[in-house]
Amino acid sequence: MNKKKLITDSVVVGFALFAMFFGAGNVVFPPYLGLHAGEQWANGFLFYFIADIGLALVAMFAILHAGGADKITGRIGHVASNVLMCAIILCIGPMVAIPRTAATTLEMSVTPFFSGVSPVVFSVIFFAVILLLSIKQSAVIDIVGKILTPALLIGLLVLIVKGFVSPIGDIVDTGVSASEVTVNGIKSGYQTMDVLAAMAFGIIILSSAGEKGYTDSRSAAKMIGIAAALSGVLLMIVYFGLTYLGSTAVTVFPADISRANLVIGIVEMLLGKAGLIIFAIVVALACITTSVALVSSAASFFAKLANNKISYGVFVTVICVFSAVVSNLGLDTIIAIATPILDIVYPPTLVLILLSWFGDKLHKSVYVSSVVGALLASVLSTAVLYGMNIPVVESLPFATLGLGWVLPAVIFGLVAFAISKVKFQNAQTANAHNS
């Protein structure tokens, strides 16, 4: 494989991955974390990054190691795997994340400058653009990586550099303890659920690698591995800068300011009215790049599930139309519908990703049992959030971090592992006696 081509392709795919993960929520959240952390902003950033993109990159490399997202979920059986992947794709696709990109763009990039814009008209225009950018499957990565990401990065770096050169305020102690900052960072990063996005993005990234000539698993893994590392570095730089900007706003804005208003305020103070236009463009680009990636990923998945009897282009069109309709429900409604589903789907997915590194060294029963433990705990935890009183769930270790499912998953997995070992030894003993 030509070294120059490897570097070029890795950069394009790495830029594309950066833009896919960097949605509108990622623009507004780190500054809010910095605002509440104050002098401890670097600590908050570190744990946010680990729990968000750190886990997402683990998922990406797990997909490469396994040879595809379906190889990871497939260890719990064909039917269960398809159900889980459908839930993942629908949640981070046409039911939630894709419509949310349109709603966010309208509220943060259009309405502040053009009041009275019809949400219906805007959703039609927005998804017409997404349809045009997504309809040619092989071009998605190049469009995002070569055109949209550089523009997105430039806008973000202008804001961050200006904030470092001319801070809007002093970084002071907010009185928040180090442990609280750590917990906030972990909870915030974990709740972005970018691991689910990685499962979807892996579909088009692997497809793009094949289109670019990386037909064997070794060369594809090398190129995508470099790209994933590059995207991780870019995201680290941007999150670091945005968290810092938030820490400089401690003495300028009240602690109860909304995330969106905080970023708008910081931008206006650093770059003036012209900066608000830059911010609007950054948010729009972040939403478009994420939406294109999600539409393409979802369409690729469902086309494969249908054995290509229904084409990729048809699924792209259906997803765009469906998302346009859902986007008119508004952000709050979309989030309210999605939250319980995401809370249930995320833990078993993360368990499968982590266990996939063991490959065939673990019996299938270990994968299934661990997933059952995580799923049971996540269902009960979600029920608690909606008013049910289940004391044992609330007392689970790490429950305050949203990680109450960890211990049940470990216990169920260890029990299955022990049983599989006993059965294996009994089988060997029986074979020895028979021989």
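As shown above, the structure is provided for reference.
Residues numbered from 1 in each chain as written. Predicted model: local features only at pLDDT ≥ 70, side-chain atom pairs only at ≥ 80, totals over all residues. Heavy atoms only, no water.

Engineer: Could you give an account of the overall build of the chain, naming the residues involved and the relevant values?
Structural biologist: Helix and strand content of the chain: 17 helices and zero strands. Computed over the C-alpha atoms, the radius of gyration of the chain is 23 Å, within 12% of the 22 Å expected from 2.2 N^0.38 for a compact globule of 435 residues. Seen along its three principal axes, the alpha-carbon backbone of the chain occupies a region of about 85 × 50 × 45 Å. A total of 435 residues make up the chain; the buried ones form 52% of that total. Contacts in the chain between residues far apart in sequence, at least 24 positions, make up 83% of those at least 6 positions apart. In the structure as shown, the chain presents an accessible area of about 19100 Å², 69% of it carried by carbon and sulfur atoms. (Helix = DSSP H or I, 4+ residues; strand = E, 2+ residues; numbered from the N terminus. Rg over C-alpha atoms; globule rule 2.2 N^0.38 Å. Buried < 20%, exposed > 50% of the residue type's maximum accessible area, 1.4 Å probe, protein only. Contact = heavy atoms within 4.5 Å. Areas by Shrake-Rupley, 256 points an atom, 1.4 Å probe, with all protein chains shown as cover.)

Engineer: Quick rundown of the environment of Thr317? Include the residues and the values.
Structural biologist: The topology assignment puts Thr317 in helix H13 (residues 312-327). Residue Thr317 is classed as partly exposed on the basis of its relative accessible area, which comes to 33%. In sequence terms Thr317 and Ala299 are 18 residues apart; their C-alpha atoms lie 8.9 Å from each other. In contact with Thr317, other than residues within four places in its own chain, are Leu131 and Ile135.

Engineer: I'd like a description of the pattern of salt bridges, backed by residues and values.
Structural biologist: Summed over all chains, the structure comprises four salt bridges. Measuring nitrogen to oxygen at the nearest pair gives 2.9 Å for the salt bridge that ties Asp9 to Lys5. Of this pair, Asp9 and Lys5 both sit in helix H1 (residues 3-21), separated by four residues, roughly a single helical turn. The buried category is assigned to Asp9, whose relative accessible area is 8%. Where Arg75 meets Asp360, a salt bridge forms, and the shortest distance between an N and an O atom there is 3.0 Å. With Arg75 in the loop between helix H4 (69-73) and helix H5 (78-91) and Asp360 in the loop between helix H14 (331-355) and helix H15 (364-385), the pair connects residues that are 285 residues apart, well separated along the chain. Overall, Asp360 belongs to the exposed group, its relative accessible area being 70%. (Salt bridge = Lys/Arg side-chain N within 4 Å of Asp/Glu carboxyl O.)

Engineer: Which residues make up the packing of aromatic side chains, and what values do they have?
Structural biologist: What the rule picks out here adds up to 15 aromatic pairs. Consider the rings of Phe45 and Phe49, whose centres lie 6.0 Å apart with planes at 35°: the pair is tilted. Residue Phe45 and its partner Phe49 are both found in helix H3 (residues 41-66); the two are separated by four residues, about one turn of the helix. Ring geometry for Phe126 against Phe127: centres 5.1 Å apart, planes inclined by 80°, an arrangement best described as edge-to-face. (Phe/Tyr/Trp six-rings, centres within 6.5 Å; stacked < 30°, edge-to-face > 60°.)

Engineer: Tell me what's going on with the environment of Ala324, and back it up with residues and numbers.
Structural biologist: Turning to its location among the elements, Ala324 is positioned in helix H13. In sequence terms Ala324 and Lys273 are 51 residues apart; their C-alpha atoms lie 30 Å from each other. Apart from the residues lying within four places of it in its own chain, the contact partners of Ala324 are Ser123 and Phe127.

Engineer: Could you give an account of H15, with specific residues and numbers?
Structural biologist: Along its 22 residues, H15 runs 32 Å from first to last C-alpha, staying within 8% of the 32 Å computed at 1.5 Å per residue. Here H15 has its buried residues at Val366, Tyr367, Ser370, Val371, Gly373, Ala374, Ala377, Ser378, Thr382, Ala383 and Val384. The positive-phi residue at the C-terminal boundary of H15 is Gly387, with phi of around 110°. (Expected span 1.5 Å × (residues − 1).)

Engineer: Please give an account of the packing of H1 against helix H11 (residues 217-247) that cites residues and values.
Structural biologist: Closest axis-to-axis distance for the H1/H11 pair is 7 Å, and the angle between their directions is 45°. Between H1 and H11, the crossing angle belongs to the class labelled oblique. Considering only the axes of H1 and H11, their crossing is right-handed. Here Leu6, Asp9, Ser10, Val11, Val13, Gly14, Phe15, Leu17, Phe18 and Phe21 of H1 come into contact with H11, specifically with Lys222, Met223, Ile226, Ala227, Ala228, Leu230, Ser231, Leu234, Leu235 and Val238. (Axes fitted to C-alpha atoms, helices over the stretch in contact; angles between N-to-C directions. Parallel < 35°, antiparallel > 145°, perpendicular 65-115°, else oblique. Left-handed = near helix turned anticlockwise from the far one by under 90°.)

Engineer: Please provide a residue-by-residue account of a nonpolar patch on the surface, values included.
Structural biologist: A cluster of nonpolar residues, Val368, Val372, Leu376, Leu380, Leu407, Ile411, Phe412, Val415 and Ile419, forms a patch on the protein surface that exposes about 670 Å² of accessible area. Broken down by secondary-structure element, the contributors of at least two residues to the nonpolar patch are H15 and helix H17 (406-434). In terms of residue count, H17 provides more of the nonpolar patch than any other element does, five residues in total. Within the secondary structure, Val372 sits in helix H15. (Patch = residues over 30% accessible without salt bridge, like charges linked within 9 Å, V, L, I, M, F, W, Y side chains within 5 Å.)

Engineer: Break down the nonpolar core for me, citing the residues and quoting the values.
Structural biologist: By size, the foremost hydrophobic cluster in this structure holds 142 residues, and its most contacted members are Phe18, Phe21, Phe22, Leu152 and Trp405. Sorting elements by how many residues they give to this core places helix H12 (residues 259-305) first, with 22 residues. (Core = buried A, V, L, I, M, F, W, Y, C linked by side-chain atoms within 4.5 Å.)

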